Amino acid sequence: DAKTTQPTSMDCAEGRAANLPCNHSTISGNEYVYWYRQIHSQGPQYIIHGLKNNETNEMASLIITEDRKSSTLILPHATLRDTAVYYCIVSRLGIIQGAQKLVFGQGTRLTINP
Amino acid sequence: DTGVSQDPRHKITKRGQNVTFRCDPISEHNRLYWYRQTLGQGPEFLTYFQNEAQLEKSRLLSDRFSAERPKGSFSTLEIQRTEQGDSAMYLCASSLLAGIRETQYFGPGTRLLVL
């Protein structure tokens, strides 16, 4: 699976939009971009995923560049509870005879400040 | 909320003891994964089940580790003769493979400390 590069840490003011970048320049055509976050001492929480079109759900928006080499996760109105480590993961689609082994990097530690 | 559950949430044991963790996946999910997370690192894949069959194991899973998923429902992860290096968070995730679409949902994890 392709590797990803994320900033180690970011800060954002409460109420503002948090934009988390991710580079995945070696992504291949059958790989999705997934975002998870992990709040301290909890299991990772699924946020959103996409292939090439922009995606939006109740938690966030995902913007993928046209060449698919990078993406941005947007939390539109960050709250203190959004403080967490955010992981950008590139993974193949589900394979009938193979595991979807998510490869977590170091992630971005996002701190939302009051 | 019928998410993934894990038990126990915390376990402290002495070196050399055996420990067993349990994971209850989301109902009707046909895939179940185990990951391990050490301090300051992201989770790492250990093994996965499709229904009751264990189809892949990481080389991280030494012969002291064994996992089962009887009847394709809950799963257990056992560590025999624990070592201090086994101290970590053990995470379980489940997913429903429908066609080629798959999203894993994680449980809260079991934090193991080996003294």
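Residues numbered from 1 in each chain as written. Chains lettered and ligands numbered in written order. Predicted model: local features only at pLDDT ≥ 70, side-chain atom pairs only at ≥ 80, totals over all residues. Heavy atoms only, no water.

Asks: Help me out: how do you make sense of the sheet that holds strand S7 (residues 70-75) of chain A in this one?
Replies: Each strand in a sheet pairs with another by means of backbone hydrogen bonds, the pair being arranged parallel or else antiparallel. Taken together, the 4 strands give an open sheet; going across it, the order is S2-S7-S6-S5 (chain A), and neighbouring strands pair in antiparallel fashion. Two strands bound the open sheet, and with one partner strand each, they are strand S2 (18-23) and strand S5 (55-56) of chain A. (Pairing = 2+ DSSP bridges. Helix = DSSP H or I, 4+ residues; strand = E, 2+ residues; numbered from the N terminus.)

Asks: I tried to follow the nonpolar core on my own but got confused; where do I start?
Replies: One broad trend across soluble globular proteins is that nonpolar side chains are buried collectively. All names here are of chain A. Within the largest apolar cluster, 21 residues are counted, with the highest numbers of intra-cluster contacts made by Trp35, Leu73, Tyr86 and Leu110. Going through the elements one at a time, S2, strand S3 (31-38), strand S4 (45-50), strand S6 (61-64), S7, strand S8 (84-92) and strand S9 (108-113) are the ones with two or more residues in this core. At 4 residues, the largest contribution of residues to this core is made by S8. Beyond its immediate chain neighbours, meaning those up to four positions away, tyrosine 86 contacts Gln6, Leu20, Trp35, Tyr36, Arg37, Ile47, Leu73, Leu75, Gly107, Thr108 and Leu110. (Core = buried A, V, L, I, M, F, W, Y, C linked by side-chain atoms within 4.5 Å. Buried < 20%, exposed > 50% of the residue type's maximum accessible area, 1.4 Å probe, protein only. Contact = heavy atoms within 4.5 Å.)

Asks: Explain the side chain of Arg37(A) here, please?
Replies: Residue and element names in this part refer to chain A. Along the chain, arginine 37 turns up in strand S3. With relative accessibility at 10%, the residue arginine 37 sits in the buried group. Within polar-contact distance, the side chain of arginine 37 engages the side chain of aspartate 82 at 2.8 Å. Separated by 3.0 Å, the side chains of arginine 37 and tyrosine 86 make a polar contact. (Polar contact = N/O pair within 3.5 Å; in protein donor to acceptor, adjacent residues only side chain to side chain.)

Asks: Sorry, what's going on with a nonpolar patch on the surface here?
Replies: Taken together, the side chains of Ile12(B), Leu113(B) and Leu115(B) present a nonpolar region at the surface, about 300 Å² in accessible area. Judged by relative accessible area, which is 59%, Ile12(B) ranks as exposed. (Patch = residues over 30% accessible without salt bridge, like charges linked within 9 Å, V, L, I, M, F, W, Y side chains within 5 Å. Areas by Shrake-Rupley, 256 points an atom, 1.4 Å probe, with all protein chains shown as cover. Salt bridge = Lys/Arg side-chain N within 4 Å of Asp/Glu carboxyl O.)

Asks: Quick question: what am I supposed to make of the sheet that holds strand S1 (residues 9-13) of chain A here?
Replies: Residue and element names in this part refer to chain A. Spatial ordering of the open sheet is given by S1-S9-S8-S3-S4, a layout of 5 strands whose pairing is mixed. The open sheet is flanked by S1 and S4, the only strands paired with a single partner. Direction aside, the axes of adjacent strands within the sheet are offset by 25° on average. Of the strand pairs in this sheet, S3 and S4 are connected by 5 bridges, and their pairing is antiparallel. In the sheet register, arginine 37 faces S4, and the bridge partner there is glutamine 45. (Axes fitted to C-alpha atoms, helices over the stretch in contact; angles between N-to-C directions.)

Asks: Explanation requested: the environment of Leu62(A) in the structure shown.
Replies: All names here are of chain A. Topologically, leucine 62 is positioned in strand S6. In this structure leucine 62 comes out as buried when scored by relative accessible area, which is 0%. Not counting residues within four places of it along the chain, the set of residues in contact with leucine 62 comprises Val33, Trp35, Ile48, His49, Gly50, Asn54, Glu55, Ser71 and Thr72.

These values are about where atoms sit, not about what they do.
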